[in-house]
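Here is what each chain is made of, one letter per residue.
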Amino acid sequence: MNDTVDKLVIFLAKRDGIDKLVKTFQYVSKLVNWHVQTTYPDIATRAKQCEVASGLSRKAFRSGRFLTGFNALRRTPGTSRGFRLLSVLANSGEMVYFFFDHFLWQARIGVIDARYARRMSFISAFGESVGYVFFIIADFILITRGLKAERKLLIEEEESKEREGEIKKIRMDRIMRLMAVAANIADLIIALADIEPNPFCNHTVTLGISGLVSAWAGWYRNWPSST
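This is a predicted model, so every value here is computed, not measured.

### Structural notes on the overall build of the protein chain
Within the protein chain one finds 8 helices and 0 strands. Helices (α) and strands (β) of the protein chain occur, in sequence order from the N terminus, as α-α-α-α-α-α-α-α. Counting only C-alpha atoms and orienting by the principal axes, one finds that the protein chain spans roughly 65 × 40 × 35 Å. Counting all 227 residues of the protein chain, 37% fall into the buried class. Nonlocal contacts in the protein chain, meaning residues at least 24 apart in sequence, comprise 70% of its contacts between residues at least 6 apart. Total accessible area on the protein chain stands at roughly 13600 Å², and carbon and sulfur atoms take up 63% of it.

In structure tokens:
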């Protein structure tokens, strides 16, 4: 892997890579529409069209994505009873989210009756919120364990390449989990705007910034490493 272009090609070959790119388009367009809707209505209209098209495209890209949660439960249910429970709750919520998101997409494009869109949106967002809450809890537990393991390694008097490698691995895992927590909190805010509309979560700036935080955290997590 030689340069940024190589990494970008690999990043965009992933479904998550395309999703994060289009998500960036979606929420930048939302903020542009909000910022210029009174001064440049033509640009605002185009930005709104880009936002809607990007949102629908992302739903199409996620076809079959609910199987990821199912496979995670089959392959890595957790190392302890507590983590197995967290895994079941988190992945089940995510499965509900992606499964009903298919029907929301079909309602939005007119394949099924549009009157079902609101109901599908609520169910999908509710499952999404449940999943994010338990993913966040699991990540914080693992971050805490990592900090304890790092402290133990740091108080060891004897230095070695293996010790340094373990510390580096723990720190990199912590960064990735913090990125995941940031993305999940941001997406949780967006989901809450669907479940229980309120002035804070539904404000365009809140939604726009939350969407970009989630997208850019996803860029960081999915960007190919230099190795």
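So that's the structure; there's more coming.
### Points about a nonpolar patch on the surface
Nonpolar side chains collect at one region of the surface, where V28, V32, Y40 and I43 lie side by side and expose about 330 Å² of accessible area between them. Assignment of secondary structure puts V28 in helix α2 (residues 15–36). What makes V28 partly exposed here is its relative accessible area of 37%.

### What about the UniProt feature "transmembrane region" (unreviewed entry) in the protein chain?
This chain's UniProt record puts "transmembrane region" (unreviewed entry) on residues 120–143. Within the segment residues 120–143, helix and strand shares are 100% and 0% respectively, and the terminal C-alpha atoms sit 34 Å apart.

### Observations regarding the nonpolar core
Y27, I189, I190, A193, C201, L207 and L212 together form the largest nonpolar core, which totals 7 residues. Elements supplying a minimum of two residues to this core: α7 (161–195) and α8 (204–222). Examining the composition of this core, we find that 3 residues originate from one element, α7, more than from any other. Apart from the residues within four sequence positions on either side, Y27 is in contact with I190, L207, G208, G211 and L212.

### With respect to the side chain of R62
Considering the arrangement of structural elements, one finds R62 in the loop between α3 (41–61) and α4 (66–75). Judged by relative accessible area, which is 5%, R62 ranks as buried. Here D101 takes part through its side chain, which lies 2.7 Å from a polar atom of the side chain of R62. Once residues within four sequence positions are removed from consideration, R62 is found in contact with R15, D19, Y97, F98, D101 and H102.

### Topic: the packing of aromatic side chains
Applying the stated criterion across every chain, the model contains 9 aromatic pairs. Ring plane angle 45 degrees and centroid distance 5.5 Å describe the contact between F11 and W223, whose orientation is recorded as tilted. You can see F11 sitting in helix α1 (residues 4–13) and its partner W223 sitting in the segment after α8, a full 212 residues away along the chain. On the accessibility criterion, F11 (0% relative accessible area) is buried. In textbook terms, an aromatic cluster arises when at least three aromatic residues are bridged by ring pairs, as seen for F66, F99, F100 and F103.

### A short note on a positive patch on the surface
A contiguous patch of positive charge, built from R145, K148, R151 and K152, is present on the exposed surface. Looking at the secondary structure, you find R145 in helix α6 (residues 117–154).

### Overview of the packing of α4 against helix α5 (residues 81–109)
α5 packs onto α4 with a crossing angle of 160 degrees between their chain directions and a minimal axis gap of 7 Å. Compared by their axis directions, α4 and α5 come out roughly antiparallel. In terms of crossing hand, the pair formed by α4 and α5 is left-handed. Contacts between α4 and α5 involve F66, G69, F70, A72 and L73 from the former and S87, V88, N91, S92, E94, M95, F98, F99 and H102 from the latter. Considered class by class, the residues forming the contact of α4 with α5 number 8 nonpolar, 5 polar and 1 charged.

### Regarding the pattern of salt bridges
Scanning the entire structure with this criterion turns up 16 salt bridges. Here D187 makes a salt bridge to K23, at a shortest N to O gap of 2.8 Å. With D187 in helix α7 and K23 in helix α2, the pair connects residues that are 164 residues apart, well separated along the chain. Close ionic contact of D101 with K59 constitutes a salt bridge, the shortest N to O distance being 2.9 Å. Taken together, the residues span a long stretch of sequence, with D101 in helix α5 and K59 in helix α3 at a distance of 42 residues. Per residue, the accessibility class of D101 equals that of K59, and both read buried.

Thresholds, definitions, all that
As a convention, each chain's residues are numbered from 1 in the sequence order in which they are written. Thresholds applied to this predicted model are a pLDDT of at least 70 for local features of residues and 80 or more for the giving and counting of side-chain atom pairs; totals over whole chains, interfaces and linings are not thresholded and use all residues. Each side-chain value is worked out from all heavy atoms of the structure, with water and hydrogens disregarded. Only DSSP runs of H or I covering at least 4 residues are called helices, and only runs of E covering at least 2 are called strands; the numbering of each starts at the N terminus. Throughout this description, buried means an accessible area under 20% of the type-specific maximum (1.4 Å probe, protein chains only), exposed means over 50%, and partly exposed covers the range between. Any pair of residues with heavy atoms lying within 4.5 Å of one another is described as a contacting pair. Accessible surface area values rest on a Shrake-Rupley calculation with a 1.4 Å probe, where residue burial reflects the displayed protein chains alone. Nonpolar side chains (Val, Leu, Ile, Met, Phe, Trp, Tyr) are joined into patches within 5 Å and like charges within 9 Å, using only residues with over 30% relative accessible area and no salt bridge. Throughout this description, the term salt bridge denotes a Lys or Arg side-chain nitrogen within 4 Å of a carboxyl oxygen of Asp or Glu. UniProt positions are given in the numbering used here, feature names are shortened, and annotations may be inferred rather than shown by experiment. As used here, the term nonpolar core means buried Ala, Val, Leu, Ile, Met, Phe, Trp, Tyr and Cys residues forming a set that is joined through side-chain atoms within 4.5 Å. By the criterion applied in these results, polar contacts are pairs of N or O atoms within 3.5 Å in which, for protein atoms, one can donate a hydrogen and the other can accept it, and in which residues neighboring in sequence qualify only through two side-chain atoms. Pairing of aromatic rings covers Phe, Tyr and the six-membered ring of Trp, with a centre-to-centre limit of 6.5 Å; geometry is then stacked below 30 degrees between planes, edge-to-face above 60, and tilted otherwise. The sign given to each residue is positive for Lys and Arg and negative for Asp and Glu; His and the chain ends receive no count. Charge positions come from single atoms, namely NZ of Lys, CZ of Arg, CG of Asp or CD of Glu. Axis lines are fitted to C-alpha atoms, over the contacting stretch for helices. Their N-to-C directions set the angle, which ranges from 0 to 180 degrees. Any angle from 65 to 115 degrees is called roughly perpendicular, while one under 35 is roughly parallel, one over 145 is roughly antiparallel, and all others are oblique. Crossing handedness is read from the near helix: turned anticlockwise from the far helix by less than a right angle, it gives a left-handed crossing, and turned clockwise, a right-handed one. Amino acids outside the nonpolar list (Ala, Val, Leu, Ile, Met, Phe, Trp, Tyr, Cys, Pro) and the charged list (Asp, Glu, Lys, Arg) are all regarded as polar, and Gly is one of them.

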